[in-house]
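# Analysis of the macromolecular model
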Amino acid sequence: MSSVSGHAGQPAARVAHEVAVPFWRLIGVGAVTVLFGLAVLAWPHATLRLLGILAGVWLLAIGLLRVGGAFRAGPDEAGHHVSVRQVIDAAFGLLLAVVGIACLVSASAGVVTVSVLIGLAWMLSGFAAMLLGTFAAGPTRSWLLGMGTAAVVVGLVFLFWPGVSLQVLVLLTGIAAVAFGIAEIAIAISARRALTAR
């Protein structure tokens, strides 16, 4: 979670707990996702190996950001140092990192393999966003749940259309990554503004 100072007489830990959106982690994941999408779109005729390597690095980076960000927050209102949300978020991060390593290892295994791995990654990211949305409030909750649902749908497209051509795979991956990265950054900024407006 973002580190915030208390305002309106409320302690910082309580204010941070109310938002439940880890600002810097969401900004970091969004920025890495946008960079990945732009890199993929910059090389539309990329080889399968290059796409697999880019996807692997992206997934490893966002997985590690999620794991690191999951445990940055202090104790919650009940005094627990680790919440259920943090454990689940870290588990999603570990799964994304494992899928990233699988992409790196099987970068040239075939379009179907890379498509399935990227589909799984979108689904995991979607479930993580929906999980985060259940802990958020107000418009941030709606945006996270909507973005998570859209990511799961994109993941399903990759899983149920595994015979897609490399060109289409590159285009879909790049566009989806840029769109979702921008959405993550916008959600983080929106939640931060709502927090400071209190």
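Before any of the text, the structure's been laid out above.
As a starting point, this report considers the structure included with it.

How each quantity is defined
- Residues numbered from 1 in each chain as written.
- Predicted model: local features only at pLDDT ≥ 70, side-chain atom pairs only at ≥ 80, totals over all residues.
- Heavy atoms only, no water.
- Helix = DSSP H or I, 4+ residues; strand = E, 2+ residues; numbered from the N terminus.
- Buried < 20%, exposed > 50% of the residue type's maximum accessible area, 1.4 Å probe, protein only.
- Contact = heavy atoms within 4.5 Å.
- Phe/Tyr/Trp six-rings, centres within 6.5 Å; stacked < 30°, edge-to-face > 60°.
- Lys NZ or Arg CZ within 6 Å of the ring centre and 35° of its normal.
- Salt bridge = Lys/Arg side-chain N within 4 Å of Asp/Glu carboxyl O.

The next subject is the environment of Phe158. Positionally, Phe158 belongs in helix H6 (residues 138–160). The exposure class assigned to Phe158 is buried, which follows from its relative accessible area of 3%. On a C-alpha basis, the gap between Phe158 and Leu172 in space is 8.9 Å, while along the polypeptide they are 14 residues apart. Beyond its immediate sequence surroundings of up to four residues, Phe158 is in contact with Ser115, Ile118, Gly119, Trp122, Leu169, Leu172 and Thr173.

Aromatic ring pairs: the centre-centre distance and the angle between the two ring planes describe each pair. A full pass over the atoms with the stated rule returns 4 aromatic pairs. When the ring of Phe23 is compared with that of Trp24, the centres are 4.8 Å apart and the planes differ by 80 degrees; the resulting orientation is edge-to-face. Note on Trp122 and Phe180: the rings are 5.1 Å apart at their centroids and 45 degrees apart in plane angle, and the pair reads as tilted. Linking Trp122 in helix H5 (residues 111–135) with Phe180 in helix H7 (residues 166–196), this pair joins segments that are 58 residues apart in sequence. Joined through ring pairs, the aromatic side chains of Phe36, Trp58, Trp122 and Phe180 make up one cluster. Between Arg192 and the ring centre of Phe23, over which it is positioned, the NZ or CZ distance is 4.1 Å.

Turning our attention to the pattern of salt bridges. Where charged atoms from two side chains of opposite charge come close, those side chains can pair. Under the criterion given, the structure shown has 1 salt bridge. The partner of Glu184 in a salt bridge is Arg66, and the shortest N-O contact between them spans 4.0 Å. One end of the pair, Glu184, is in helix H7; the other, Arg66, is in helix H3 (residues 48–70), with 118 residues separating them in the sequence. Residue Arg66 is classed as buried on the basis of its relative accessible area, which comes to 3%.

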